[in-house]
Amino acid sequence: GASLMIKEGVLNGVDMIIAQRVYPDLPCGEVGFHVGPYMASSDEVNITVKGRGGHAAKPAERDNALLAAARIVTELSNLYPENDKSNGLLTFGSLIADGTYNVVPSEVTMKGTMRTFDEHKRKLLKDNILMVANDVAAKFGCKAEVVIEQGYPSLRNDVKLTEKCVALAKDYLGDSKVKELPQLMTAEDFAWYSQKVPEI
């Protein structure tokens, strides 16, 4: 709801925003901060591969949209391995091919999420998804339809405001109770506010 609230003027006259979040990874009594980009942007990736469906035993009379979809997922996973998030994270959670034992479907759909901390890498990731999907689908005689629905931007904690809050927290709790948090690939609606005013 943050973007809708901003449109309604909730930030008019606001100099800064501070949010507190429950963070189960920290013991009770401790607080954590992260300066700069903290949580990732989040976009929804939808890919539909279309070709001629048909009988499994008659490959000359059909395409193989399922195999094309599997290859798309594999190639994108090789480009963006989950254990290396330096260029962003791309993960597919759904691949639906509604065929059966001896029927190859004419359409296969995939759904996934892409996340980055950097707008340049975000655009590059989108471009690569489109390129790989189209190139691979064409090799199997199919076509790919790619729709990427833009979600939340990256959440960026203002440097000066965060450093000020860290200092205040240390004065109140003691240095040992104030931790530096790692970046998270999860996303946060609150990120819309950080595009408009200094936030933490």
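Above this text is the structure in question.
So, here's what we can say about the structure. Only a predicted model underlies this, so the values are computations on that prediction, with no experimental measurement involved.

## What about the environment of Met110?
For step 1, the next point in the chain: Relative to the assigned elements, Met110 resides in strand β7 (residues 107-115).
For step 2, the next point in the chain: Through-space distance from the C-alpha of Met110 to that of Ala144 is 11 Å; in sequence the pair is 34 residues apart.
For step 3, the next point in the chain: In contact with Met110, not counting residues within four places along its chain, are Val45, Asn46, Ile47, Val49, Ala69, Ile72, Val73, Phe92, Ser94 and Leu95.

## Some points on the sheet that holds strand β5 (residues 89-97)
As a general point, the strands of a sheet are linked pairwise by backbone hydrogen bonds and lie either parallel or antiparallel.
For step 1, the next point in the chain: Here we have four strands laid out as an open sheet, ordered β5-β7-β3-β8, and antiparallel in their pairing. The sheet is open, and its two edges are formed by β5 and β8 (143-150), each paired on a single side. Sheet twist, expressed as the average angle between the axes of neighbouring strands with direction ignored, equals 20 degrees.
For step 2, the next point in the chain: Pairing of strand β3 (residues 43-50) with β7, which is carried by eight bridges, proceeds in the antiparallel orientation. Directly across from Val49, in β7, lies its bridge partner Val108.
For step 3, the next point in the chain: In this fold helix α3 (residues 119-139) packs onto β3, β5, β7 and β8, with an angle of close to 160 degrees to the strand it touches most, β8.

## Side note on the layout of surface pockets
Over the atoms rolls a probe the size of a water molecule, and its path tells where empty space is left.
For step 1, the next point in the chain: Here the largest pocket is characterised by a volume of approximately 600 Å³.
For step 2, the next point in the chain: In this structure, the largest pocket is lined by 25 residues; those nearest its centre are Ala19, Gln20, Arg21, Val31 and Gly32.
For step 3, the next point in the chain: Those elements giving two or more residues to the lining of the largest pocket turn out to be β1 (31-33), β2 (36-39) and α4 (159-173).
For step 4, the next point in the chain: In terms of residue class, the lining of the largest pocket is built from 18 nonpolar, five polar and two charged.

Procedures and definitions
- Residues numbered from 1 in each chain as written.
- Predicted model: local features only at pLDDT ≥ 70, side-chain atom pairs only at ≥ 80, totals over all residues.
- Heavy atoms only, no water.
- Helix = DSSP H or I, 4+ residues; strand = E, 2+ residues; numbered from the N terminus.
- Contact = heavy atoms within 4.5 Å.
- Pairing = 2+ DSSP bridges.
- Axes fitted to C-alpha atoms, helices over the stretch in contact; angles between N-to-C directions.
- 1 Å grid on protein atoms, 1.4 Å probe; cavity = no way out; pocket = protein on both sides within 12 Å on 5 of 7 lines; lining within 4 Å.
- Points joined across faces, edges and corners; volume = space filled by probe spheres on them.
- Nonpolar A, V, L, I, M, F, W, Y, C, P; charged D, E, K, R; others polar.

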